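# Reading the structure
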Amino acid sequence: MTEHGWGRRAGLAGAALGVVAAGVAVERLTVHRSVRRRARLALDAAGPYGTLRGTPGTAVADDGTELHYEVEEPAEPSGDEPADAWSRLGKALRGGGGTGAPLTVVFSHGYCLTQDAWHFQRAALRELPGVRAVYWDQRSHGRSERGRAHAATGGATPVSIERLGRDLKAVLDAAAPEGPLILVGHSMGGMTMMALAAQYPEEVADRVVGAAFVGTSAGGLGEVTYGLPAAGVTALRRFVPGVLKALASHSALVERGRAATADLLAGLVKHYSFGDTRAVDPAVARFAERLIESTPIDVVAEFYPAFHAHEKREALAAFAHCPALVIAGDRDLLTPQAHSEAIAAALPKARLEIVPETGHLLMLERPELLNERLLGLLAAATAPTGRRSARRR
């Protein structure tokens, strides 16, 4: 087989990210490739998604990896009477909890995404006086450095969810060293929060006043079928790690192949990201596609085994003291709703919501609803009867 042919086939497998893609993009076969390419370029140019930026900073992980974060400082009060729920909450938050440090909301994104996945939440929170927000890119994602421990050992040191928890601790130390915290995590980001709690339970007990788990899991991901027949998935699981490892060893060829199979990738992203694929804004779907396609195949391969090893159900106890939001789509094929139901069952102060006709990227598919639920979490976490003093450092 020629190098080009191998790369094209490898790209096809790489684009699938380890999931069987049969039938996903049939409609794309009826439209000329150049037309589809022009449509993607037009959406890229027109969409504002991922353009919001804050004050940049760098946290250093325990293996030396530099982690990029951005801070949105509290908006200045206008002086007018609050006109809506967000503004009224902001006015209340300016009173603080007696610590002198503002509430900080820290957002952790999921696998193959970046901090820009929180675009709609970022746009809403930056208008809310009294609240700082921190957004960060997980190692090897977005603007953060590729994981040094993995690179230094030639891939012999695999990434783990535990390491991601330590990364989050480094970000907190650098970007929010004092004051109360609300942690928000989607998918892998929610697992990162659990890993933080498992390794630093006192930090969570002392500082976290609220937590939001968005389309995530506390364990048992090895049983997920991705909406496919169980027997086929069992065989696929034995096959995927080796395929990803092989693809990662030929990453340059694979990336060229991924470009050639962009149409299939678009179909996969839409199918596995959104619940109502006909209703999703094409610009939002294209934005999700851009986020995922920006993740190199060797990073995909590096992180994939960590999810099967993830088991943090006991760590959830560290969040039992604070209000929690547990929310997921009823059509989530990657972290099905049963995983959110299990998380909520372990948290006595949790609000569970399963959103109809919604997939894995809930923060992009139902942004207004998630923003309102986060508003409710902020209100519950900062209510006078529930407000906790945060340790100063």
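Looking at an unreviewed UniProt entry, one finds the chain named Alpha/beta fold hydrolase and attributed to Streptomyces alkaliterrae.

## Observations concerning the overall build of the chain
When helices and strands are tallied, the chain shows 16 helices and eight strands. Residues counted as buried form 54% of the 393 residues belonging to the chain. Taking as baseline every contact in the chain between residues at least 6 positions apart, the subset at least 24 positions apart corresponds to 82%. Surface exposure of the chain reaches about 16400 Å², of which carbon and sulfur atoms provide 55%.

## Digging into the pattern of salt bridges
For the structure on display, the rule yields 23 salt bridges. Across the salt bridge formed by Glu145 and Arg148, the nearest N and O atoms sit 2.9 Å from each other. A relative accessible area of 36% means that Arg148 is categorised as partly exposed. The salt bridge partner of Arg207 is Glu203, with a shortest N-O separation of 3.2 Å. Pair noted here: Arg207 and Glu203 are both in helix H8 (residues 201-207), with a separation of four residues, about one helical turn. Taken as a pair, Arg207 and Glu203 share a single burial class, namely buried.

## Digging into unusual backbone geometry
Although it is not a glycine, Tyr226 adopts a positive phi angle of roughly 60 degrees. Looking at where Tyr226 falls in the secondary structure, it is placed in the loop between strand E6 (208-214) and helix H9 (230-249). Phi at Glu357 is positive, roughly 50 degrees, even though this residue is not glycine.

## Quick look at the environment of Leu325
Looking at the secondary structure, you find Leu325 in strand E7 (residues 324-329). Contact partners of Leu325, with chain neighbours within four places excluded, come to Ala211, Ala212, Phe213, Arg351, Leu370, Arg373, Leu374 and Leu377.

## Remarks on the pairing of strand E4 (residues 131-136)
A large share of E4 lies buried, amounting to six of its six residues. On E4, burial covers both faces: Val131, Ala133 and Tyr135 on one face and Arg132, Val134 and Trp136 on the other are all buried. The pairing of strand E2 (residues 66-72) with E4 spans four bridges and is classified as antiparallel. Its bridge partner being in E4, Val71 is matched across the sheet by Val134. Here strand E3 (residues 103-108) runs beside E4; their pairing, made up of six bridges, is parallel. In the sheet register, Ser108 faces E4, and the bridge partner there is Trp136. The parallel pair E3 and E4 is bridged by helix H4 (residues 119-125), and the resulting crossover is right-handed.

## Points about the packing of aromatic side chains
Tallied over the full model, the rule gives six aromatic pairs. Ring centres of Phe213 and Phe319 lie 5.3 Å apart, and the angle between their planes is 90 degrees; on these two criteria the pair is classed as edge-to-face. With Phe213 in strand E6 and Phe319 in the loop between helix H13 (297-309) and E7, the pair connects residues that are 106 residues apart, well separated along the chain. For Phe213, a relative accessible area of 0% corresponds to the buried category. Relative accessible area serves as the criterion here: at 0%, Phe319 is assigned to the buried category. Connected via pairs of aromatic rings, a cluster forms that spans Tyr49, Phe120 and Phe287. The cationic tip of Arg122 hangs over the ring face of Tyr135; the distance from NZ or CZ to the ring centre is 4.4 Å. Across the ring face of Tyr200, the terminal group of Lys169 is positioned such that the distance to the ring centre comes to 5.3 Å.

## Some thoughts on the sheet that holds strand E1 (residues 55-60)
Sheet architecture is open: eight strands sit in the order E1-E2-E4-E3-E5-E6-E7-E8, paired in mixed fashion. With partners counted over all chains shown, the strands left at the sheet margins are E1 and strand E8 (350-355), one partner each. Strand-to-strand twist across the sheet, computed as the mean angle between neighbouring axes with direction ignored, equals 20 degrees. Sitting on the sheet, helix H14 (residues 337-345) touches E6, E7 and E8, and the angle it makes with E8 is about 170 degrees. Along the sheet, helix H16 (residues 367-382) makes contact with E3, strand E5 (181-186), E6, E7 and E8, crossing E7 at roughly 165 degrees.

## With respect to the nonpolar core
Counting 43 residues, the largest nonpolar core has Ile182, Val184 and Leu370 as its most contacted members. Ranked by the residues each element gives to this core, the list is headed by helix H12 (residues 282-293), at seven residues. Not counting chain neighbours up to four residues away, the residues in contact with Leu370 comprise Trp118, Gln121, Val214, Leu325, Ile327, Leu362 and Met363. Counting residues in each nonpolar core, the second largest holds 34 residues, with Ala175, Leu183, Val208 and Cys322 among its members.

What counts and how
Throughout, a residue's number is its position along its own chain's written sequence, starting from 1. Predicted model: local features are reported for residues with pLDDT of at least 70 only, side-chain atom pairs are reported and counted for 80 or more only, and whole-chain, interface and lining totals are derived from all residues. Water and hydrogen atoms play no part in the side-chain values, which are based on all heavy atoms of the structure. The way it works is that DSSP assigns letters per residue, a run of H or I at least four long becomes a helix, a run of E at least two long becomes a strand, and they are numbered from the N terminus. Relative accessibility under 20% of the residue-type maximum defines a buried residue, over 50% an exposed one, and the middle range a partly exposed one, all with a 1.4 Å probe and only protein chains included. Residues count as neighbours in contact if any of their non-hydrogen atoms are within 4.5 Å of one another. With residues, only the protein chains shown are counted as cover, and all accessible areas are computed by Shrake-Rupley using a 1.4 Å probe. The rule for a salt bridge is simple: a side-chain nitrogen of Lys or Arg has to be within 4 Å of a carboxyl oxygen of Asp or Glu. Whether two strands pair depends on DSSP finding at least two bridges between them. Here a crossover is taken to be right-handed if, once the strands point away from the viewer, the path from the first strand over the helix to the second is traced clockwise. Any two rings among Phe, Tyr and Trp, with Trp reduced to its six-membered ring, count as a pair given centres within 6.5 Å; such a pair is stacked if its planes are under 30 degrees apart, edge-to-face if over 60, and tilted if neither. Look at NZ for Lys and CZ for Arg. If either is within 6 Å of the ring centre and within 35 degrees of the ring normal, a charge sits over the ring. To define axes, lines are fitted to C-alpha atoms, for helices over the stretch in contact only, and angles between the resulting N-to-C directions are given on a 0 to 180 degree scale. Among buried residues, the Ala, Val, Leu, Ile, Met, Phe, Trp, Tyr and Cys ones that are joined through side-chain atoms within 4.5 Å form a nonpolar core.

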